[in-house]
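Each chain, written out:
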Amino acid sequence: MKIKKTDHMQYMDGMEAIESDFMEKVLTAMKEYDYDQYSSRDVETALNKAQLSIEDYAAILSPAAMPYLEDMARKATAETRKHFGNSVSLFTPLYIANYCENQCVYCGFSITNKINRATLSMQEAEDELKAIAATGLKEILFLTGESRLKSGVEYIGETIKLATKYFSTIGIEIYPLNTEEYAFLHSCGADFVSVYQETYNTDTYELVHLRGSKRSFPYRFHAQERALLGGLRGVAFGALLGLDDFRKDAFAAGLHALLIQQKYPHAEISFSTPRLRPYINNAENNSKDVHEKQLLQVMLAYRLFMPYAGITISTRERAGFRDHVIGMVATKMSAGVSVGVGGHSEEQKGDEQFEISDERNVKEVHQMIRSKGLQPVFTDYIRV
Amino acid sequence: MSDMLTIGGHTFQSRFILGSGKFSLEIMKAVIEHGEAEIVTLALRRANTGGEENILDYIPKEITLLPNTSGARNAEEAVRIARLSRELGCGDFVKLEVIHDSKYLLPDNYETIKATEILAKEGFIVMPYMYPDLYAARSLVNAGAAAVMPLGAPIGSNKGLSTKDFIQILVDEINLPIIVDAGIGRPSQACEAMEMGVDAIMCNTAIATANDVALMAKAFKQAIEAGRAAYLAGLGRVLNFKAEASSPLTGFLED
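Definitions and cut-offs
- Residues numbered from 1 in each chain as written.
- Chains lettered and ligands numbered in written order.
- Predicted model: local features only at pLDDT ≥ 70, side-chain atom pairs only at ≥ 80, totals over all residues.
- Heavy atoms only, no water.
- Contact = heavy atoms within 4.5 Å.
- Buried area = accessible area lost by both parts, 1.4 Å probe.
- Salt bridge = Lys/Arg side-chain N within 4 Å of Asp/Glu carboxyl O.
- Polar contact = N/O pair within 3.5 Å; in protein donor to acceptor, adjacent residues only side chain to side chain.
- Helix = DSSP H or I, 4+ residues; strand = E, 2+ residues; numbered from the N terminus.
- Nonpolar A, V, L, I, M, F, W, Y, C, P; charged D, E, K, R; others polar.
- Buried < 20%, exposed > 50% of the residue type's maximum accessible area, 1.4 Å probe, protein only.
- pLDDT = per-residue confidence, 0-100.
- Expected span 1.5 Å × (residues − 1).
- Patch = residues over 30% accessible without salt bridge, like charges linked within 9 Å, V, L, I, M, F, W, Y side chains within 5 Å.
- Areas by Shrake-Rupley, 256 points an atom, 1.4 Å probe, with all protein chains shown as cover.
- Arc of directions from axis to C-beta.
- Axes fitted to C-alpha atoms, helices over the stretch in contact; angles between N-to-C directions.
- Parallel < 35°, antiparallel > 145°, perpendicular 65-115°, else oblique.
- Left-handed = near helix turned anticlockwise from the far one by under 90°.
- Pairing = 2+ DSSP bridges.

## Comments concerning the interface of chain A and chain B
In this assembly, 29 residues from chain A lie in contact with 28 residues from chain B. Summing both partners gives a buried area of about 2600 Å² for chain A against chain B, and 46% of it is carried by carbon and sulfur. Looking only at chain A, the three residues that lose the most surface to chain B are A:H266, A:I382 and A:V384, adding up to 23% of its buried area. In this structure, the connection of chain A to chain B is made through one salt bridge. As a salt-bridge pair, A:R233 and B:E77 come within 3.3 Å of each other at their nearest N and O atoms. For the pair chain A and chain B, the number of links is five residue pairs in polar contact (both at pLDDT 80 or more). Within the residue set of the side of chain A that touches chain B, elements represented by two or more residues are α4 (69-84), α14 (362-371) and β11 (375-377) of chain A. Looking at the side of chain A that touches chain B residue by residue, the class counts come to 10 nonpolar, 12 polar and seven charged.

## Describing the pattern of salt bridges
A side chain with one charge can pair with a side chain of the opposite charge if their charged atoms come near. Under the counting rule described, the total for this entry stands at 32 salt bridges over all chains. A salt bridge links A:E206 to A:R215; its shortest N-O distance comes to 3.3 Å. Residue classification places A:E206 among the partly exposed residues on the basis of a relative accessible area of 21%. With a relative accessible area of 3%, A:R215 lands in the buried category. In this structure, the salt-bridge partner of B:K114 is B:E111, at a minimum N-O distance of 3.1 Å. With B:K114 and B:E111 both in helix α3 (residues 109-121) and three residues apart, this pair spans about one turn of that helix. Overall, the relative accessible area of 13% leaves B:E111 in the buried class. Several salt bridges share partner residues, and in doing so they unite A:E146, A:E198, A:K214 and A:R220 into one network.

## Focus: unusual backbone geometry
Where the residue is not glycine, phi is negative for most of them; where a peptide bond is considered, it is trans in most cases. For A:E198, which is not a glycine, the phi torsion comes out positive at approximately 70°. Within the secondary structure layout, A:E198 lies in the loop between β5 (192-194) and α8 (202-208). Judged by its relative accessible area of 10%, A:E198 is buried. Despite not being glycine, B:A182 shows a phi value in the positive range, around 90°. Tracing the sequence through the fold places B:A182 in the loop between β9 (179-181) and α6 (187-196). The class of B:A182 is buried, set by a relative accessible area of 10%.

## Here we look at the confidence of the model for chain B
Per-residue confidence for chain B gives a mean pLDDT of 88; residues scoring 70 or more make up 94%. Reported confidences for the modelled complex are a pTM of 0.87 and an ipTM of 0.76.

## Some thoughts on helix α8 (residues 213-233) of chain B
All names here are of chain B. End to end, α8 covers 30 Å across 21 residues, agreeing with the expected 30 Å (1.5 Å per residue, within 8%). Along α8, the positions that sit buried rather than exposed are V213, A214, A217, F220, K221, A223, I224, G227, R228 and A230. The N-capping residue of α8, defined by a side-chain oxygen 3.3 Å from the backbone nitrogen of A214, is D212. One or two positions beyond α8, positive phi appears at G234, with a value near 85°.

## Digging into a nonpolar patch on the surface
Residues and elements named next belong to chain B. Together, Y104, L106 and Y131 make up an exposed nonpolar region whose accessible area comes to about 280 Å². On the secondary structure map, Y131 appears in the loop between β7 (125-130) and α4 (134-143). With relative accessibility at 39%, the residue Y131 sits in the partly exposed group.

## Some thoughts on helix α5 (residues 122-133) of chain A
All names here are of chain A. Taking 1.5 Å of rise per residue, the 12 residues of α5 would be expected to cover 16 Å, and the 16 Å separating its terminal C-alpha atoms lies within 8% of that figure. All of the buried residues in α5 are A125, E126, E128, L129 and I132. For α5, the buried positions fall inside an angular range of 160° around the axis, keeping them on one side. Considering only its buried residues, α5 is in contact with β1 (87-95), β3 (139-143) and α6 (153-163).

## Points about the packing of helix α2 (residues 75-87) of chain B against α3(B)
Residue and element names in this part refer to chain B. Running from N to C, α2 and α3 point in directions that differ by 40°, and their axes come no closer than 8 Å. By the criterion of interaxial angle, the relationship of α2 to α3 is oblique. Helix-helix and strand crossings are classified by hand; for α2 and α3 the assignment is right-handed. Along its contact with α2, which presents A75, A78, V79, A82 and R83, the element α3 presents E111, K114, A115, I118 and L119. By residue class, the composition of the contact of α2 with α3 is seven nonpolar, no polar and three charged.

## Things to note about the environment of A:F378
Relative to the elements of secondary structure, A:F378 occurs in the segment after β11. Judged by relative accessible area, A:F378 falls into the buried class, the value being 4%.

## Some details on the pairing of strand β4 (residues 39-43) of chain B
All names here are of chain B. With five of its five residues buried, β4 lies for the most part within the structure. Side-chain alternation along β4 places I39, T41 and A43 on one buried face and V40 and L42 on a second face that is also buried. Both strand β3 (residues 16-18) and β4 contribute to a ladder of two bridges, which runs parallel. Among the inter-strand pairings, L18 is bridged to a residue of β4, identified as V40.

## Here we look at the environment of A:E158
Residue position: A:E158 is located in helix α6. The sequence separation of A:E158 and A:M122 amounts to 36 residues, and the corresponding C-alpha distance is 7.9 Å.

Now the structure itself:
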């Protein structure tokens, strides 16, 4: 199939452009970020500060900080405790569709990947929501593949309305939208939006997003800002670590979040730290550079740079890793996860996006959190 | 001597108000007992009513609940959360928190005043968390607040009485209970605030992040009592010069 090559730095038809210079700022700073220039002295200076500057953040993300992981972990634990106490929030993702119109070389949902595709009907969605609510969870995250045709904004809005009957907190991790569309989903009951930039390296971004609306780098970049303009309360940031130079990507994601926080001080900021995982029909693909040590370094750097930001730990990571980073750095974790479409009440309808490593149910995760002297939190939000 | 704390017509023996946001639920009870707190705040957004892990199950029935409006970004949201708390049976007390800044978590005095006015008219006993500003405090009094709760330092910082001079102005000028809320990190700081004439102390993080939370709760209780006693006793004067000589230098003067 011949692919029509579009300019990945341009908007496509129907994509809203907002006035913001954040993309230029982030890309320029990332380009100039030479992490090899930092020394152990720079890292020590950063760790002795109460509030880290961007330069300090650059230092603790550098290779020079690797021998300081223990020091960073101790400082991060104190910061997490100070800002979040003993709490660890629990949620579960619900994939309501896995149709996708993008061709992304690293994703199981890619349009060229031969997998079982599905969209949940309203009845099926409600069955899933009931089954999840029965586990005690009060927070849900809706996910779709990126298909405006098969899982349109209206459809997503309807499922969100359904979810308000059972859940106090509703997040969405779907394709980027225009401001008005975010406002519509907010009116349906969604309050938190996650959009991961995958990589902030525009050249790599072009190479891994071959076609589809996701190919537009700037539209994706400005999604958090449009979401906040649409009235959403919180936005999540993240890079898919391992897709490109993870230090530069993490640096860019942190700076991106900082700029948004400064412009929208009321916004609740959070980070996710997904690593590349093996996915369906491509089991060989794995993150080769981002091992657990590096992953932890990124998480610690996010915590120390923006101590008040939430950090979510994914089920992509093994149980042992997840259990140790809560309380230290992560403030939210998923439980009872299915990454196929549906799968909580009946058999799942569609195939998974990637493989998960931690398959524990809500009760097991709950018990683990308790056993560490931490407090599992189901409800942390009132929709007003 | 009877020395009760009166807020909105309710009297309390203890001047220690415990925040509940950062504890594990099962140790809440021990902390309340050791601190002998009679008022405990309750973040309504954490009250998983009807579900698992309901914080209300861990607070003894004789304790006065002080539901707060954490999560509210403006007056309208705070009012709605307060009304919800009353519907849930949490009583008429409400600790008003209106915060529009996710980094410093500083209260928005303007929105707080607006919400106080609405809620006081609806019969709530409104205890607003505020930045210690005299004009705002006066407006809160006029709006019908039952107490004023200035911050000592940013929430969770354990930095103590960074705003000491401004709290002293409120103590001197505002005819309502003044309760230092947020920032108190050590029992000695709680004691210092009480010596200044503050009416009560609210504390959470300093206890929740201690190694022995029950013992720290007890230390706060004692410090608050000591500070109150010192205030009532009237602190001894402080000399401006090095010392007061027992044989004055001017003692030779005859007329």
